[in-house]
Amino acid sequence: MRRSRVVALLAAGGFAVAGCSAPGPAEVTFYADGHTINTTPVLTCDYSQKLSQPCSAKGTTQTLKVRPGKPVQISVPGEVADAPWQIVYEYVTPQGEFKQSDPIPFTSLDRYAYTVTPPTPADRISAVDVQKYTAVLNADTGESGLLPSDVWGLRLEA
């Protein structure tokens, strides 16, 4: 009987520890042409230490299929919406030219979603990047600025 209690206590302790573990990386949700995918950052940067390479690749860019003229909806978690963030996308023209959008910044700290629409109904979105920014102070110069801290990427195929 005593062994059963020990096993039960160990199991309960394991669940308690598992519940206290650090959360995983924030996920950005992309929806395009009837399909949804959740992605984790493909690039993460840590500027807290002086490093020659503060950024590291974390995962692979996910892929969805999308037809020309179809939008891509993006939903970000609070961790991203509570910071400055932006979207940059690429699209393909009917002539096969790849073009890049101007950055679409969000600084109101309460924007959780955005829909990327191709410039014309004949264009097809081919890639979308969501970039979360963080304030960084240069200890040597005293200057501060915003630099990307996490990047989520999506590639879209015809």
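Provided above is the structure to which this section pertains.
Every chain begins its residue count from 1, and numbering advances along the sequence as written. pLDDT decides what is reported in this predicted model: residues at 70 or higher carry local features, side-chain atom pairs at 80 or more are listed and counted, and totals for whole chains, interfaces and linings draw on all residues regardless. To obtain the side-chain values, all non-hydrogen atoms of the structure were included, while hydrogens and water were left out.

**Student:** Run through the side chain of T93, naming residues and quoting values.
**Tutor:** A run of H or I in DSSP counts as a helix once it spans at least four residues, and a run of E counts as a strand once it spans at least two, with each numbered from the N terminus. On the secondary structure map, T93 appears in the loop between β7 (85-92) and β8 (98-100). Exposure is judged per residue with a 1.4 Å probe applied to protein chains only, and the accessible area is read against the type maximum: over 50% gives exposed, under 20% gives buried, and values in between give partly exposed. Overall, T93 belongs to the buried group, its relative accessible area being 9%. Sequence-distant contacts of T93, defined by excluding residues within four places in its chain, comprise K99 and D123. Whether two residues are in contact is decided by their heavy atoms: any pair within 4.5 Å suffices.

**Student:** Before we move on, could you go through the sheet that holds strand β10 (residues 113-116) and cite the residues and values that matter?
**Tutor:** Read across the sheet, 4 strands follow the order β2-β1-β6-β10 without closing on themselves; strand pairing throughout is antiparallel. Every interior strand has two partners, whereas the edge strands, β2 (35-39) and β10, have only one. The sheet shows a mean angle of 20 degrees between the axes of neighbouring strands, taken without regard to direction. Direction of pairing for strand β6 (residues 72-75) relative to β10: antiparallel, over a ladder of 4 bridges. Opposite Q73, over in β10, you have T115 as the bridge partner. By definition, two strands form a pair when at least two bridges between them are found by DSSP. Between N-to-C directions, angles cover 0 to 180 degrees, with each direction set by a line fitted to C-alpha atoms, over the stretch in contact for helices.

**Student:** So what's going on with the state of the cysteines? Residues and values would help.
**Tutor:** Cysteine sulfur pairs qualify as disulfides if the two atoms are within 2.5 Å. Summed over all chains, the structure comprises 1 disulfide. Put simply, C45 and C55 are joined by a disulfide, and their sulfur atoms are 2.0 Å apart. Classification of the bridge connecting C45 and C55 rests on its S-S torsion, roughly 105 degrees, and on that basis the disulfide is right-handed. Residue C45 is located in strand β3 (residues 43-45), and its partner C55 is located in strand β4 (residues 55-57); the two are separated by 10 residues in the primary sequence.

**Student:** Explain unusual backbone geometry residue by residue, including any values.
**Tutor:** Its identity as a non-glycine residue notwithstanding, D33 has a phi of 50 degrees, on the positive side. Relative to the assigned elements, D33 resides in the loop between β1 (28-32) and β2. If you check the backbone angles, L109 has positive phi at about 65 degrees while not being a glycine. On the secondary structure map, L109 appears in the loop between β9 (104-106) and β10. For L109, a relative accessible area of 41% puts it in the partly exposed group.

**Student:** Run through the pattern of salt bridges, naming residues and quoting values.
**Tutor:** The salt bridge definition used is simple: a Lys or Arg side-chain nitrogen within 4 Å of an Asp or Glu carboxyl oxygen. Following the criterion strictly, the structure yields 3 salt bridges and no others. With its nearest N and O atoms 2.6 Å apart, the salt bridge here joins R67 to D33. In this pair, R67 sits in the loop between β5 (62-65) and β6 while D33 sits in the loop between β1 and β2, placing the two residues 34 residues apart along the sequence. When its relative accessible area of 47% is taken as the criterion, R67 is described as partly exposed. The partner of E79 in a salt bridge is K132, and the shortest N-O contact between them spans 3.6 Å.

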